[in-house]
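# Analysis of the macromolecular model
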Amino acid sequence: MTTIEFFLAGTMSAATVFLLAALGELIAEKSGMLNLGVEGMMAVSAAAGFVATYETGSHLIGFAVAGFAGIIVSLVYATVAITFLANQVATGLAVGILGLGLSALIGRKHESLTVASAGNVHIPMLSDIPLLGPVLFQHNIVVYLTLATAVAIGYCLKYTRLGLAIRSVGENPHAAQALGYSVPLIRYGAVVFGGLFAGFAGAYASTIYTPLWADGMIAGRGWIAVALVVFGTWKTGRIILGAYLFGMVSLGELIAQSLGAAVPSQLLSSLPYIVTIVVLAIISTNAARLKLHAPFALGESYDGSESR
Amino acid sequence: MHIKFERRIEYSKKVLLAVPVITIGLSILVSSILLTILGKSVPLTMYSFFIAPFENFYSITEIFLKFGPLLLIAQALAVGFRAKVWNIGAEGQMIMGAVAASAVPVYLVESTSIFLLPAMLALGALGGMGWAAIAAFLRTRFNANEILVTLMLTSIALQILYYLLLGPWKDPMGFNFPQSVMFQDEALFTPLFQGTRLNTSIIIPILFTIAVWIFMEKRFGGFKLEVGGLAPNAATYAGFSAKGAVWSSLLLAGFAAGLAGMSEVAGPIAQLQRSITSGYGYSAIIVAYLGALHPLGIIFAAFFLAVIQIGGDVALVSADVPISAVHVFQGLLLVFYLATYTFVNYRLRIHRPGVLQSAKVSS
């Protein structure tokens, strides 16, 4: 594999972590639930997924356990923010803090251990094409499944009854309730879906992308996923694009090192965070446009009463 | 049968006072279950957490050492949270305060001037405020969400700290450890008692608390508004414009966090190193909420969290409980606080079929 192939292929792999988490958050936010606990959900499931993979040797079991862990943590958020009507921002932060603690607790006996990386699929014929083959067609199956799911989610949100239900709950919960949708039920479902995908993102990060466990390894990627939903203005296509852009940015350190650039490594490590801030500022400048795309009732609790 | 939350006409004062008790009770209950699963002794852990920190004088001074920065940062964050300015990057502002303050002893290694400490105080405050100002500027000028910006800025601040410690500010005699020179005595606060680390910097959080309290009382004539859950929106907050609320909240937090960072490097740590914040910036978020965003409540909450942080260190040795258990406990506190706080503004109504309709009309 040449260097350029290596980086482009690495981008696809790195992007998958962001994309999985951002897709989950997209669904939650579309239903009106701003879940800022993504980082915590990812951390718990990365630990749980790693431990499960390490102990069983099966990546599939690792993903299942991680998905389950993500769901459990998301249910804590859902219970407090939906049933108990607590402030969504504060609840997300609480779940994030809880998740980071739990993650360290779960992974403490596996610190610095590694698992075998999962094998990659080699798509016949296509993977033999020079340059494009290694870059696009020799990845872990999860990379392709994630892309396929992203397309499916985009379609579902736009064209199906379920998508309509999720969107209407996020735009106008009172009207949605009047139409016969159960606002709490749909929001629970959306948040749990977000937990499941944050779980997959965590498992991908700790068992496939970098198959080792180190406390704090999620390192802000959950927060970048939250930012990606804003960058993508709640549109699936743009979120995919954003995830790939950030996949590339997060490899900046490797790229610069291989080019022999004399830049402090700390500057390169900061790059994803700096880019997040810059892109966020650019996207947000047009406040009116951002508001137009954001789910109207995003961040608002729904207690069933007509006026507040 | 149908159970539903119904908004109270007026908030319940009784519930408000019960919230911290129930929160702590539930957190202890759940962590006991977790400890049992981990195979640790629950009574021994609880003893280590809540009683052992008070067993000797040194340990008590250590509680106050942790109490200081938690109190200082939480008081400032609470002012912002009331205005719905979500600064969750106090950790980064604290780092930048510590970095800016450290510039003085790092570059003036030989100096024994009495102005060292005042200069560090000023730079510490400015460092924190400068870092927070980036978020305020991006929020007011570009409408960039301050939650994400302050968080990203924390990650960047950490990288700046690492850069300095591995590069220009590394102690040449430090055996290649990522840390600065040890600061001279003139750059350090004086210990309050011989042989303890608690020092005169404890006066800063106390003065700051009094100032915030007076300011808030004057602006609002008390705290009835917020306690009732009717937090004023940012636009009318304390008579500030929306932009003014963002700027003042963030600058105040930067000021406090910067001073907290300065107090760490000019106090117990006595040099710049990788772990200067001890996570105070994040814990202070919990303190602010647990104290109901009220100056008095925050004093109790800061003390409580300081106790369990010391208790966590004790439990690590006595009951072999991992230090992350303290973080889990803090997370549980905030989760249960938010859930139980709902009962301040809502009551549970149990509707039986048929009664549902009439109840709806009357509300």
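Residues take numbers from 1 onward in each chain, read along the sequence in its written order. Lettering of chains starts at A and numbering of ligands starts at 1, both following the order in which they are written. Where totals are concerned, whole chains, interfaces and linings use all residues; where local detail is concerned, this predicted model gives features only for residues with pLDDT of at least 70, and gives and counts side-chain atom pairs only at 80 or more.

## Here's the deal with the overall build of chain A
Let me state the cut-off plainly: Counting from the N terminus, the helices are DSSP H or I runs at least four residues long and the strands are E runs at least two residues long. Radius of gyration: over C-alpha atoms. The globule rule applied is 2.2 Å multiplied by the number of residues raised to the 0.38 power. With C-beta atoms placed from the backbone, the exposure class of a residue follows from how many other C-beta atoms lie within 10 Å of its own: 20 or more, buried; 12 or fewer, exposed; in between, partly exposed.
A count of helical and extended segments in chain A gives 14 helices and zero strands. Along chain A, helices (α) and strands (β) appear in the sequence α-α-α-α-α-α-α-α-α-α-α-α-α-α when read from the amino end. For chain A, whose C-alpha radius of gyration is 19 Å, the value lies close to the compact-globule estimate of 19 Å for 308 residues. Each of the three principal axes of chain A carries a C-alpha extent, and together these read 60 × 45 × 40 Å. Buried positions account for 53% of the 308 residues belonging to chain A.

## Brief notes about the overall build of chain B
Helix and strand counts for chain B come out as 13 helices and two strands. Relative to its length of 363 residues, chain B is compact, with a C-alpha radius of gyration of 22 Å against a globular reference of 21 Å. Taken over the C-alpha atoms alone, chain B extends approximately 80 × 55 × 30 Å along its principal axes. Residue burial in chain B is summarised as follows: out of 363 residues, 52% are buried.

## Some remarks on the interface of chain B and chain A
Using the following cut-off: Note on contacts: each residue gets a C-beta atom placed from the backbone, and two residues are in contact if those atoms are within 7 Å. Under the convention adopted here, Pro, Cys and the residues Ala, Val, Leu, Ile, Met, Phe, Trp and Tyr are nonpolar, Asp, Glu, Lys and Arg are charged, and Gly plus all remaining residues are polar.
Opposite the 39 residues of chain B that make contact, chain A presents 42 residues. Elements supplying a minimum of two residues to the side of chain B that touches chain A: strand E1 (2–7), helix H5 (116–142), helix H6 (146–166), helix H10 (280–290) and helix H12 (324–345) of chain B. Here the side of chain B that touches chain A takes 13 residues from H12 of chain B, the largest share from any one element. When grouped by side-chain class, the residues that make up the side of chain B that touches chain A number 28 nonpolar, nine polar and two charged.

## Some remarks on the environment of Tyr-280 of chain B
Residue and element names in this part refer to chain B. Here Tyr-280 is to be found in helix H10. In this structure Tyr-280 comes out as buried when scored by C-beta crowding, with 25 C-beta atoms within 10 Å. Remark: the alpha-carbon pair of Tyr-280 and Leu-70, spanning 210 residues in sequence, is separated by 5.9 Å. Dropping the residues within four chain positions of it, Tyr-280 is found in contact with Pro-69, Leu-70, Ile-73, Met-94 and Ala-260.

## Observations regarding the packing of helix H2 (residues 38–56) of chain A against helix H10 (residues 221–231) of chain A
Residue and element names in this part refer to chain A. Stated precisely, the cut-off is as follows: Axis definition: a line fitted to C-alpha atoms, over the contacting stretch in the case of helices. Angles run 0 to 180 degrees between N-to-C directions. Here the word oblique covers every angle except those under 35 degrees (roughly parallel), over 145 (roughly antiparallel) and from 65 to 115 (roughly perpendicular). Crossings are classed by handedness, with left-handed meaning an anticlockwise turn of the near helix from the far one by less than a right angle and right-handed meaning a clockwise turn.
At a minimum axis separation of 7 Å, H2 and H10 run at an interaxial angle of 135 degrees. One way to sum up the angle between H2 and H10 is to call them oblique. Along this stretch, H2 crosses H10, giving a crossing that reads as right-handed. Counted together, Val-38, Glu-39 and Met-42 of H2 and Arg-221, Gly-222, Trp-223, Ala-225 and Val-226 of H10 form the full contact between these two elements.

## Considering the environment of Ile-27 of chain A
Residue and element names in this part refer to chain A. Tracing the backbone through its elements, the reader meets Ile-27 in helix H1 (residues 3–30). In this structure the C-alpha to C-alpha distance between Ile-27 and Ala-66, which are 39 residues apart in sequence, comes to 19 Å. Apart from residues lying up to four places away in sequence, Ile-27 is in contact with Ile-153, Ile-166, Ala-190, Phe-193 and Gly-194.

## Some points on the packing of H2 of chain A against helix H9 (residues 183–209) of chain A
Helix packing geometry: the angle between the two helix axes and the distance between the axes. Residue and element names in this part refer to chain A. Axis separation between H2 and H9 bottoms out at 7 Å; the angle between their running directions is 55 degrees. In this view, H2 runs oblique relative to H9, as classed from their interaxial angle. As for the relative orientation of H2 and H9, their crossing is right-handed in sense. Where H2 approaches H9, its residues Val-38, Met-41, Met-42, Ala-43, Ser-45, Ala-46, Gly-49, Phe-50 and Thr-53 are matched on the opposing element by Gly-195, Ala-198, Gly-199, Ala-201, Gly-202, Ala-203, Ala-205, Ser-206 and Thr-207.

## A short note on the confidence of the model for chain B
Any region with low pLDDT has predicted coordinates that should not be read closely. Residue and element names in this part refer to chain B. Applied cut-off: In predicted models, pLDDT denotes the confidence assigned by the predictor to each residue on a 0 to 100 scale.
Put simply, chain B has an average pLDDT of 88, and 90% of its residues get 70 or more. The weakest mean pLDDT in chain B belongs to helix H8 (residues 224–227) at 40; the strongest belongs to helix H4 (residues 90–107) at 97. Counted against residues more than four places away or in other chains, residues 222–237, with its pLDDT under 50, gives 25 contacts. Across residues 355–363, confidence stays below pLDDT 50; counting only partners more than four residues off in sequence or on other chains, it has five contacts. Two numbers describe this predicted complex: its pTM, 0.92, and its ipTM, 0.93.

## Structural notes on the environment of Val-44 of chain A
Residue and element names in this part refer to chain A. Residue position: Val-44 is located in helix H2. Put simply, Val-44 and Val-192 are 148 residues apart on the chain and 15 Å apart in space, counted from C-alpha to C-alpha. The residues contacting Val-44, other than those within four sequence positions of it, are Ala-69, Val-73, Gly-99, Leu-102, Ser-103 and Ile-106.

## What about unusual backbone geometry?
Residue and element names in this part refer to chain B. Positive phi is not limited to glycine here, since Asn-143 has a value of about 65 degrees. Tracing the backbone shows Asn-143 in the loop between H5 and H6. In this structure Asn-143 comes out as partly exposed when scored by C-beta crowding, with 17 C-beta atoms within 10 Å. Not every positive phi belongs to a glycine, and Ser-278 is a case in point at roughly 50 degrees. Counting through the fold element by element, Ser-278 comes out in the loop between helix H9 (242–265) and H10. Residue classification places Ser-278 among the partly exposed residues on the basis of 17 C-beta atoms within 10 Å.

## Quick notes on H1 of chain A
Residues and elements named next belong to chain A. Under the convention used in this document: An expected span of 1.5 Å times one less than the residue number is assigned to each helix. The seven residues ending at a residue and the seven starting there each receive a fitted axis; the angle between those axes is the bend at that residue.
Look at H1: 39 Å from first C-alpha to last across 28 residues, which is about the 40 Å you get at 1.5 Å a residue. Of all the bends in H1, the largest measures some 30 degrees and sits at Thr-16. For H1, the tally of buried residues reaches 20 of 28 residues, placing the bulk of the element in the interior.

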